[in-house]
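Residue strings, one per chain:
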Amino acid sequence: VGVTTRANVNVGNGAGYVQESLSLLGDRLQLSGGLRWDVFRFGVRDRVTPESSATEWQGSLQPKAAIAYTLSR
């Protein structure tokens, strides 16, 4: 009998995005691409075992691409 876990967790997220589009064939063909960058922060403050406390950052790059064609106006 006793306390086995007691922790505070802080999770944060930030993101940035860039995109570019190109029109061809009299605006009938649309090409677009982009990149999204996500950053996550995980912070754990263990109140039972303080040496287990830690903060870690992790990032993720996600590409995007699209093609659209308009058959008629």
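Residues numbered from 1 in each chain as written. Predicted model: local features only at pLDDT ≥ 70, side-chain atom pairs only at ≥ 80, totals over all residues. Heavy atoms only, no water.

(A) Quick peek at a nonpolar patch on the surface. Judged by side-chain polarity, Leu22, Leu24, Leu25, Tyr69 and Leu71 come together as a nonpolar surface patch covering roughly 540 Å² of accessible area. Structurally, Tyr69 is set in strand 3 (residues 54-69). (Patch = residues over 30% accessible without salt bridge, like charges linked within 9 Å, V, L, I, M, F, W, Y side chains within 5 Å. Areas by Shrake-Rupley, 256 points an atom, 1.4 Å probe, with all protein chains shown as cover. Salt bridge = Lys/Arg side-chain N within 4 Å of Asp/Glu carboxyl O. Helix = DSSP H or I, 4+ residues; strand = E, 2+ residues; numbered from the N terminus.)

(B) Broad picture of the side chain of Asp46. Locating Asp46 in the fold gives a position in strand 2 (residues 29-46). The charged side chain of Asp46 is buried without a salt bridge, its nearest counter-charge being Arg47 at 7.9 Å. A distance of 3.0 Å separates a polar atom in the side chain of Asp46 from the backbone nitrogen of Thr49. In this view, Asp46 contacts Arg6, Ala7, Ser52 and Ser53; residues no more than four positions away in its chain are not counted. (Buried < 20%, exposed > 50% of the residue type's maximum accessible area, 1.4 Å probe, protein only. Lys, Arg positive; Asp, Glu negative; His and termini not counted. Polar contact = N/O pair within 3.5 Å; in protein donor to acceptor, adjacent residues only side chain to side chain. Contact = heavy atoms within 4.5 Å.)

(C) A look at the pairing of strand 2. As paired strands, strand 1 (residues 7-24) and strand 2 are joined by 18 bridges and run antiparallel to one another. Looking at strand 2, one finds that Glu20 is bridged to Gly33. (Pairing = 2+ DSSP bridges.)

(D) Quick look at the packing of aromatic side chains. In the structure shown here, the tally under the stated rule is one aromatic pair. Centroid distance Phe40 to Phe42: 6.3 Å. Interplanar angle 20 degrees. Geometry classified as stacked. Residue classification places Phe40 among the partly exposed positions, given a relative accessible area of 29%. (Phe/Tyr/Trp six-rings, centres within 6.5 Å; stacked < 30°, edge-to-face > 60°.)

(E) Main features of unusual backbone geometry. The backbone of Leu25 shows a phi angle near 55 degrees, a positive value even though the residue is not glycine. By the secondary structure assignment, Leu25 is in the loop between strand 1 and strand 2.

Taken by themselves, the reported measurements are silent on function.
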